[in-house]
Amino acid sequence: MARVMTEAKGGGALRDRVILVTGAGQGIGRAAAICFAQHGATVALHGRSVIKLESVYDEIVAAGAPQPAIIPLDLEKAGDRDFENLADSIHTRLGRLDGILHNAALGAIPSPLRTHTTAQWLSLLRVNLVAPFALTRACLPLLEAAPDAAIVLISETHGPAPAAFWGAFSIAKGALLSLATIWTQELEHAPQLRINVLVPGPVNSPQRSRTHPGEEKAGLRMPESLMSTYLYWIGPESRGQSGNLVQC
Ligand SMILES: NC(=O)c1ccc[n+]([C@@H]2O[C@H](COP(=O)([O-])OP(=O)(O)OC[C@H]3O[C@@H](n4cnc5c(N)ncnc54)[C@H](OP(=O)(O)O)[C@@H]3O)[C@@H](O)[C@H]2O)c1
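Residues numbered from 1 in each chain as written. Predicted model: local features only at pLDDT ≥ 70, side-chain atom pairs only at ≥ 80, totals over all residues. Heavy atoms only, no water.

Engineer: Tell me about the site of the ligand, and name the residues and values.
Structural biologist: In the neighbourhood of the ligand, 32 residues make up the surrounding shell, with Ser49, Lys52, Asn103, Val203 and Ser205 lying closest. Within the backbone of Asn103, one N or O atom sits 2.8 Å away from an oxygen atom of the ligand. The fraction of the free accessible surface of the ligand (890 Å²) that becomes covered by protein chains is 97%. One can see that the ligand is located within the largest pocket. Taken together, the elements giving at least two residues each to the shell around the ligand come down to helix H1 (27-38), strand E3 (42-47), helix H5 (167-186) and helix H6 (206-211). Residues that form the shell around the ligand fall into these classes: 12 nonpolar, 12 polar and eight charged. (Near = heavy atom within 4 Å. Polar contact = N/O pair within 3.5 Å; in protein donor to acceptor, adjacent residues only side chain to side chain. Areas by Shrake-Rupley, 256 points an atom, 1.4 Å probe, with all protein chains shown as cover. 1 Å grid on protein atoms, 1.4 Å probe; cavity = no way out; pocket = protein on both sides within 12 Å on 5 of 7 lines; lining within 4 Å. Sits in = over half its atoms within 2 Å of the grid points. Helix = DSSP H or I, 4+ residues; strand = E, 2+ residues; numbered from the N terminus. Nonpolar A, V, L, I, M, F, W, Y, C, P; charged D, E, K, R; others polar.)

Engineer: Describe in detail the packing of H1 against helix H7 (residues 227-234), supporting the description with residues and values.
Structural biologist: The relative placement of two packed helices is expressed as an angle between their axes plus a distance between the axes. Following both chains from N to C, one finds H1 and H7 inclined at 65 degrees, their axes separated by 10 Å at the closest point. Of the two elements, H1 crosses H7, and the hand of that crossing is right-handed. Of H7, the residues touching H1 (which contributes Ile28, Ala31, Ala32, Cys35 and Phe36) are Met227, Tyr230, Leu231 and Ile234. (Axes fitted to C-alpha atoms, helices over the stretch in contact; angles between N-to-C directions. Left-handed = near helix turned anticlockwise from the far one by under 90°. Contact = heavy atoms within 4.5 Å.)

Engineer: Describe the nonpolar core, with residues and values.
Structural biologist: Note that soluble globular proteins tend to have their nonpolar side chains buried in a common cluster. One finds Leu20, Phe83, Ile90, Leu97, Leu143 and Leu193 to be the most contacted residues of the largest nonpolar core, which totals 38 residues. Counting only elements with at least two residues in this core, the list comes to strand E2 (18-21), helix H3 (80-94), helix H4 (118-145), strand E6 (149-154), H5 and strand E7 (193-199). A total of eight residues in this core trace back to one element, the largest contributor, which is H4. Setting aside anything within four residues of it in sequence, one finds Leu20 in contact with Ala44, His46, Leu86, Ile90, Leu97, Gly99, Ile100, Leu101 and Leu135. Of all hydrophobic cores here, the second largest spans 34 residues; its members include Ile28, Leu53, Leu101 and Val152. (Core = buried A, V, L, I, M, F, W, Y, C linked by side-chain atoms within 4.5 Å. Buried < 20%, exposed > 50% of the residue type's maximum accessible area, 1.4 Å probe, protein only.)

Engineer: Give a detailed account of the packing of aromatic side chains, specifying residues and quantitative values.
Structural biologist: Following the criterion strictly, the structure yields three aromatic pairs and no others. On the numbers, 5.0 Å between centres and 70 degrees between planes, the contact of Tyr232 with Trp233 is edge-to-face. (Phe/Tyr/Trp six-rings, centres within 6.5 Å; stacked < 30°, edge-to-face > 60°.)

Engineer: A description of the pairing of strand E5 (residues 99-102) should follow, citing residues and the corresponding values.
Structural biologist: Here E5 shows a buried face lined by Gly99 and Leu101 and a second buried face lined by Ile100 and His102. Where E2 and E5 come together, three bridges link them in parallel fashion. Paired with Ile19 across the strands is Gly99, a residue of E5. Relative to E6, E5 runs parallel, the two being bridged by four bridges. When the sheet's bridge partners are listed, Leu101 is paired in E6 with Val152. Each parallel crossover has a hand, and the one from E5 via H4 to E6 is right-handed. (Pairing = 2+ DSSP bridges. Right-handed = clockwise from strand over helix to strand, strands pointing away.)

Engineer: Explain empty space enclosed by the protein residue by residue, including any values.
Structural biologist: All chains considered together, the criterion is met by three cavities of 30 Å³ or more. The calculated volume of the largest cavity comes to roughly 50 Å³. Lining of the largest cavity is provided by Thr22, Leu75, His102, Ala104, Val127, Ala131, Pro132 and Leu135. Residues of the lining of the largest cavity, tallied by class, amount to six nonpolar, two polar and no charged. (Points joined across faces, edges and corners; volume = space filled by probe spheres on them.)

Engineer: Which residues make up the pattern of salt bridges, and what values do they have?
Structural biologist: With the rule as written, the count across this model stands at eight salt bridges. Salt-bridge contacts for Asp80 lead to Arg137; the nearest nitrogen and oxygen are separated by 3.2 Å. Here the residue Asp80 occupies a position in helix H3, and Arg137 occupies one in helix H4, the gap between them amounting to 57 residues. Owing to a relative accessible area of 38%, Arg137 belongs among the partly exposed residues under this scheme. Notably, a salt bridge pairs Arg96 with Asp98, separated by 2.7 Å at the nearest N-O pair. The class for Arg96 is partly exposed, based on a relative accessible area of 33%. A relative accessible area of 1% places Asp98 in the buried class. Through salt bridges that share partners, Arg17, Asp148, Arg194 and Arg239 make up one connected network. (Salt bridge = Lys/Arg side-chain N within 4 Å of Asp/Glu carboxyl O.)

So far we have only geometry, and geometry alone does not tell us how the molecule works.
Here is the structure:
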């Protein structure tokens, strides 16, 4: 995969677009959902906790941005029918889909492989790898029908560079790079549809607090600092660019 760096110029870049943000209830996903709405998108807010999604919904509506939709689904338990129902729900309620930000993730406290269980591995692989694949597949007819569509996969530093103690999280996040390469090749017939992988780097969020409990928060970037780059890759400026690995 090519490694590139890019930022959006801003403005109402996402006007009239429908964007699905997974894990929109907190952290980086919350910031992305609010940012995309502020730039004109109708956002499909996905997550597990409806209470958290309602809080994001309220903030978007209060700001006068397009009315979002709340679509809860537990990615760890979901099967093909659930992903298809989610895509159907977007089609019925919002009429179209122009992008997916695959942001939701199940983090893991770093620990040696010898202590891991298969149950932990399956949970990490289901949420962090299987769900981005299956959700993309279910939404493909909607994305292929859009005039300009973007799929953005969110990886992590230990995806492209696996390291001790990061186990199945690292493996799932690394496999997203392969997933993007395969989708890119298989979607060559649809040049209006692109798929790219972003690596945010260390950001202050609930997940970061769990995986790095002793870390000094003051030096960490806030989720909002990523949004110019996220906007570029989910919006029209990245048209024609697919299969990239982007370090934010
Ligand atoms: N923060 C960082 O430093 C950092 C660095 C590199 C990469 N990233 C990546 O950036 C993304 C966002 O990170 P973050 O730090 O903002 O994470 P976060 O605060 O833990 O938020 C993760 C989101 O994923 C959702 N989620 C988790 N398990 C789910 C499940 N089974 N079904 C449905 N939704 C589920 C959560 O929804 P609920 O709250 O509703 O459960 C939550 O909204 C992740 O892909 C992460 O790997 C983050």
